[in-house]
Amino acid sequence: MPELVDDAARDRIERDLTGTLFVEAGAGSGKTTALVARVVALVTTGVAELREIAAITFTEKAGAELRDRIRRKLQERATDDLDPEAVQRCRIALDQLDGAAIGTLHSFAHRLLSEHPIEAGLPPRVEVLDEVSSGVEFERRWSAFRDDMLDDRDLERTLLLLLSTGVGPAALDALALAFEQNWDLVEERVPADAPDPPSVSELVASAFEAIDDVCAARVDCKTSDDKLCQRLDDIADYLVRLRAIDDEYELLDALGEDAMPKRPSFNQTIGRRENWPDVGEVRARVKAAGAQLDAVYKSVGDACAHRLGAAIRRFTLQAATERRMDGRLEFHDLLVLARVLLRDPEVRARLHVRYSHLLLDEFQDTDPIQIELAVRIAAADPSDPASGSAPWTDVPVAAGQLFVVGDPKQSIYRFRRADISTFLTARARLGVDTGDLVELVSNFRSAAPVIDWVNDVFGTLFDGQSDGEIPVPSQPDYVALHATRGEPTLGPPVAVIGRGEHAPKTSADEQREAEAAEVAAAIARAIAEGWTVDDGKGGWRRARLGDITVLIPARTSLSFLQEALDGVNIPHRAESSSLVYATRAIRDLFAIVRAVDDPTDTLRLVTALRTPLLGCGDDDLFRFKVERAGRWSYLADQPATVPDDDPVLAGLRYLRDLYEERQWLSPSTLLDRIVADRRVMELGFGERRPRDVWRRVRFVVDQARAWSDATAGNLREYVHWVTMQTVEGARVAESILPETDDDAVRIMTIHAAKGLEFPITIVSGMSTLPQSR
């Protein structure tokens with residue numbers, strides 16, 4: 001291999017085994033390879049045995065890969081090393097490998113708790129709930145607590161006021177879920193008690209006075225047809241309506257911008273200058289009066305949120321306590337309880353000796369608790385009480401016991417509490433301030449022109465400049481990458497599609513359709529022209545469909561993309577689990593499941609009838625309802641005007657049979673029956689890619705079986721769980737493995753693609769606006 005610009009850095013990682021190193025490794029720079037090299041070096045030099053090393057990474061898949069790579073490297077050294085002592089150490093390490101602390105942060109926290117159950121206040125046997133079980137348990141607890149909360153007379157006024165501000169029950173569900181996932185922060189930051197919301201009538205009194213005062217300015221207007229004068233008349237009439245309302249809930253509802261009749265605007269710049277002594281001053285007073293009304297609305301809403309937040313806090317912390325007492329922990333419980341465990345100086349001292357070297361991989365992606373656990377275990381004086389109570393940034397670390405590697409530019413798991421400011425703080429504390437910062441900048445993944453383009457674009461975007469003051473560090477510096485691969489022989493290394501300007505008022509669907517068509521055209525061109533990709537042997541070969549991956553931010557644009565690819569006969573497959581549930585065949589399958597779950601929902605019923613699985617066309621539905629006076633219910637008797645051979649009647653009878661048996665069928669059994677009865681696998685031939693349909697169906701049924709095994713829940717609970725799985729950003733979904741001989745374009749979300757490599761990547765869905773928050 002030719003000399004690399006960062007060879008010195010790589011050499012330091014492998015040889016400086018007595019120093020605490022913080023490695024910032026750019027994309028494709030081989031950071032996991034460097035971590036493996038350091039582990040093997042620790043073993044072969046005799047600095048540490050493998051059982052004394054903890055190597056922590058982000059996902060279970062990454063953990064399994066890390067363990068396998070360490071195994072293979074140790075096997076190579078045990079065979080090829082000329083030093084007999086190093087060979088013996090490798091063989092000992094191989095014997096210790098299966099029991100070594102190599103895996104995810106959660107598995108490491110579980111190990112700590114299992115080794116010290118009494119100190120952690122846990123029963124001898126601890127069960128860790130997976131995401132399915134955790135979600136179902138939360139839904140059961142929250143459903144019961146929500147019912148109790150709605151029946152609580154002390155909270156009745158608070159709930160009614162909150163509903164009057166336009167906040168629906170779904171917001172409470174979201175708040176409870178956020179509290180559940182961050183219960184340690186809830187305990188720390190949410191007050192245990194909050195006062196009742198203030199009186200709405202008392203709050204609006206001063207706002208009414210301000211409105212009276214500004215409406216009196218109408219006498220200064222020279223003409224009654226001035227728009228500002230007319231607006232003041234409207235505001236005066238609005239004030240009369242407000243004063244006539246005695247009920248505080250109705251009053252609060254009338255203050256909202258969506259109130260009916262609609263409230264007049266207080267913010268428009270209207271009125272002619274010549275008609276007023278000072279039109280600007282009147283406009284400002286009108287705006288200020290409106291702001292006072294808005295402040296009332298917001299003040300009541302905030303007070304309601306704090307009051308209910310205190311109630312949900314009690315529910316959240318009680319559930320966390322019960323899980324700890326029962327020994328049935330969720331993933332986040334593991335981290336929080338492990339952090340509490342390390343407040344014990346005796347435990348810290350034992351762990352300090354037990355794990356003499358801690359190596360943290362993918363540091364940019366994980367919960368901030370990770371660095372706190374690592375620093376407290378690696379503390380220079382673990383018996384010092386300050387090592388367990390002081391902020392982790394103030395705890396000195398023993399030389400050589402901590403090794404951290406990551407890339408802040410790849411931090412995309414904010415919703416999983418990954419915090420870029422934590423990375424930058426650790427970088428400064430463990431790397432910059434001590435001179436132990438190591439940078440890996442050689443890129444082995446992308447061709448040289450791609451790296452040149454990336455450096456040019458992101459070197460500008462990551463310029464470190466901000467329009468305002470940022471309270472915490474949140475913007476990493478851009479470190480230029482250096483390419484180690486050449487340029488492909490055919491095809492543009494970087495290309496931009498969709499550069500044509502859309503016509504004014506183009507709808508979002510029209511933009512997605514146009515973009516999808518251009519993506520399909522680009523794929524067809526790449527295959528037709530024979531664009532080349534790396535053959536893995538130092539040369540180049542023609543690209544295949546399986547070399548191309550389309551990344552999308554969410555499933556919103558999936559159907560447009562699939563239709564465009566089908567239109568030009570390009571095979572494709574969706575590989576993220578959230579995308580699988582959004583595909584046509586799976587949507588049709590769940591249309592029937594949802595209709596069986598709720599016989600009162602007419603929309604779901606008709607949707608199920610219109611699927612290919614029940615085969616009712618719009619003409620059949622029209623004939624059944626209009627000409628034959630049929631009823632949209634599979635539980636009701638149909639009139640004699642509906643003949644026995646009516647296709648809609650046949651579909652309704654099938655749904656009724658499933659409904660009557662649903663209590664005795666698990667969700668997975670129900671899915672299996674529908675798949676078999678309605679020939680779902682055979683219908684896959686109608687989608688051009690039957691193998692892809694079969695793979696999706698098998699995946700969904702397998703997930704349903706796992707859900708049933710974990711919960712023994714009913715159909716309604718399962719349908720709700722499926723809905724939660726398909727919410728955007730609900731969880732990190734790793735890609736679904738395809739058949740190895742299936743040559744097709746891959747489609748997956750950005751999160752599912754994290755850590756993977758593709759010869760040709762198309763970033764689609766760029767027209768989707770980011771959320772304002």
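Residues numbered from 1 in each chain as written. Predicted model: local features only at pLDDT ≥ 70, side-chain atom pairs only at ≥ 80, totals over all residues. Heavy atoms only, no water.

A.B. asks: Break down the overall build of the protein for me, with residues and values.
C.D. replies: From N to C terminus, the protein includes 30 helices and 16 strands. Counting over 773 residues, the protein shows a buried share of 48%. For the protein, contacts bridging at least 24 residues in sequence account for 76% of all contacts bridging at least 6. Side-chain charges in the protein split into 94 positive and 130 negative, and the spacing between the mean points of these groups amounts to 3 Å. (Helix = DSSP H or I, 4+ residues; strand = E, 2+ residues; numbered from the N terminus. Buried < 20%, exposed > 50% of the residue type's maximum accessible area, 1.4 Å probe, protein only. Contact = heavy atoms within 4.5 Å. Lys, Arg positive; Asp, Glu negative; His and termini not counted. Charge placed at Lys NZ, Arg CZ, Asp CG, Glu CD.)

A.B. asks: Hey, could you go over the confidence of the model for the protein for me, with residue numbers and the actual values?
C.D. replies: The pLDDT averaged across the protein works out to 87; a share of 94% of its residues lies at or above 70. In this model residues 728–736 is a low-confidence stretch, pLDDT under 50, and it forms 32 contacts with partners more than four residues away in sequence or in other chains. (pLDDT = per-residue confidence, 0-100.)

A.B. asks: Could you give me a rundown of the packing of aromatic side chains, with the residues and numbers involved?
C.D. replies: Scanning all chains against the criterion turns up 16 aromatic pairs. Here Phe108 and Tyr355 contribute two aromatic rings whose centre-to-centre distance is 5.3 Å and whose plane-to-plane angle is 70°, an arrangement assigned as edge-to-face. Linking Phe108 in helix α5 (residues 105–115) with Tyr355 in the loop between α15 (345–354) and β6 (357–360), this pair joins segments that are 247 residues apart in sequence. Assessed through its relative accessible area of 0%, Tyr355 is described here as buried. Centroid distance Trp453 to Phe458: 6.4 Å. Interplanar angle 85°. Geometry classified as edge-to-face. A relative accessible area of 39% places Trp453 in the partly exposed class. Three or more aromatic residues joined by ring pairs make a cluster, and in this case those are Trp453, Phe458, Phe462 and Tyr478. Sitting over the face of the ring of Tyr659, Arg662 holds its NZ or CZ atom 3.8 Å from the ring centroid. Over the ring of Tyr654 we find Arg678; its NZ or CZ atom is 4.6 Å from the centre of that ring. (Phe/Tyr/Trp six-rings, centres within 6.5 Å; stacked < 30°, edge-to-face > 60°. Lys NZ or Arg CZ within 6 Å of the ring centre and 35° of its normal.)

A.B. asks: Requested: an account of the environment of Leu175, with residues and values cited.
C.D. replies: When you line up the elements, Leu175 lands in helix α8 (residues 169–181). Given a relative accessible area of 27%, Leu175 falls into the partly exposed group. Counting along the chain gives 130 residues from Leu175 to Ala305, while the straight-line C-alpha distance between them is 9.6 Å.

A.B. asks: Could you give an account of the pattern of salt bridges, with specific residues and numbers?
C.D. replies: All chains considered together, the criterion is met by 53 salt bridges. Connected via shared salt-bridge partners are Glu24, Asp407, Lys409, Arg427 and Glu439. (Salt bridge = Lys/Arg side-chain N within 4 Å of Asp/Glu carboxyl O.)

A.B. asks: Can you break down a negative patch on the surface residue by residue, with the values?
C.D. replies: A cluster of acidic residues, Asp246, Asp247, Glu250 and Asp253, forms a negative patch at the surface. Following the sequence through the fold, Glu250 ends up in helix α12 (residues 248–255). (Patch = residues over 30% accessible without salt bridge, like charges linked within 9 Å, V, L, I, M, F, W, Y side chains within 5 Å. Areas by Shrake-Rupley, 256 points an atom, 1.4 Å probe, with all protein chains shown as cover.)

A.B. asks: Residues and numbers for unusual backbone geometry, please.
C.D. replies: Look at Glu362: it is not a glycine, yet its phi comes out positive at around 50°. For Glu362, the position within the fold is in the loop between β6 and α16 (369–377). Note on Glu362: relative accessible area 15%, which makes it buried.

A.B. asks: Explain the packing of helix α20 (residues 508–529) against helix α21 (residues 558–567) to me, using residue names and the numbers behind them.
C.D. replies: Where α20 meets α21, the closest approach of the two axes is 8 Å, and the angle between their N-to-C directions is 40°. When the axis of α20 is compared with that of α21, the two are oblique. Where α20 crosses over α21, the two elements pack in a sense that is right-handed. For the pair α20 and α21, the contacting residues are Asp509, Arg512, Glu513, Ala516, Ala517, Val519, Ala520 and Ile523 in the first and Phe560, Leu561, Ala564 and Leu565 in the second. Of the residues assigned to the contact of α20 with α21, the class counts are 9 nonpolar, no polar and 3 charged. (Axes fitted to C-alpha atoms, helices over the stretch in contact; angles between N-to-C directions. Parallel < 35°, antiparallel > 145°, perpendicular 65-115°, else oblique. Left-handed = near helix turned anticlockwise from the far one by under 90°. Nonpolar A, V, L, I, M, F, W, Y, C, P; charged D, E, K, R; others polar.)

A.B. asks: I'd like to hear about the sheet that holds strand β16 (residues 760–763), residue by residue, with values.
C.D. replies: The parallel open sheet is built from 4 strands, whose spatial order is β14-β15-β13-β16. Looking at which strands have only one partner, the edges of the open sheet turn out to be β14 (572–574) and β16. Across this sheet, the average inter-strand angle for adjacent strands is 25°, counted without regard to direction. Bridging between β14 and strand β15 (residues 745–749) involves 3 bridges; their strand directions are parallel. Residue pairing for β15: His572 is matched across the bridge by Val745. Of the strands in this sheet, β13 (548–552), β15 and β16 are in contact with α20, which crosses β13 at around 165°. (Pairing = 2+ DSSP bridges.)

A.B. asks: Pulling in residues and values, what's your account of the sheet that holds strand β7 (residues 402–406)?
C.D. replies: If you walk across this open sheet you meet the 6 strands as β3-β2-β6-β7-β1-β8, and the pairing is parallel. Every other strand in the sheet has two partners, leaving β3 (101–104) and β8 (437–440) as the edge strands with one partner each. This sheet shows a mean twist of 15° between the axes of neighbouring strands, independent of strand direction. Sheet topology note: the strand β1 (residues 21–25)/β7 ladder contains 4 bridges and is parallel. The residue of β7 that forms the bridge with Leu21 is Phe403. Across the face of the sheet, α5 comes into contact with β2 (53–57), β3 and β6 while running at roughly 130° to β3.

A.B. asks: Account for the pairing of β1, naming residues and giving values.
C.D. replies: The element β1 is extensively covered by neighbouring structure, given that 5 of its 5 residues are classed as buried. Burial of β1 is two-sided: the residues Leu21, Val23 and Ala25 facing one way and the residues Phe22 and Glu24 facing the other way are all buried. Both β1 and β8 contribute to a ladder of 4 bridges, which runs parallel. Bridging across to β8, Glu24 finds its partner in Glu439.

A.B. asks: Outline α20, listing residues and values.
C.D. replies: Here α20 spans 31 Å end to end across 22 residues, near enough to the 32 Å set by a 1.5 Å rise per residue. Gly530 sits one or two residues past α20 and shows a positive phi near 75°. (Expected span 1.5 Å × (residues − 1).)

A.B. asks: How would you explain a nonpolar patch on the surface if you had to name every residue and give the values?
C.D. replies: There is a patch of nonpolar side chains on the surface, built from Trp453, Phe458, Leu461 and Val494 and spanning about 350 Å² of accessible area. Looking at the secondary structure, you find Trp453 in helix α19 (residues 448–461).

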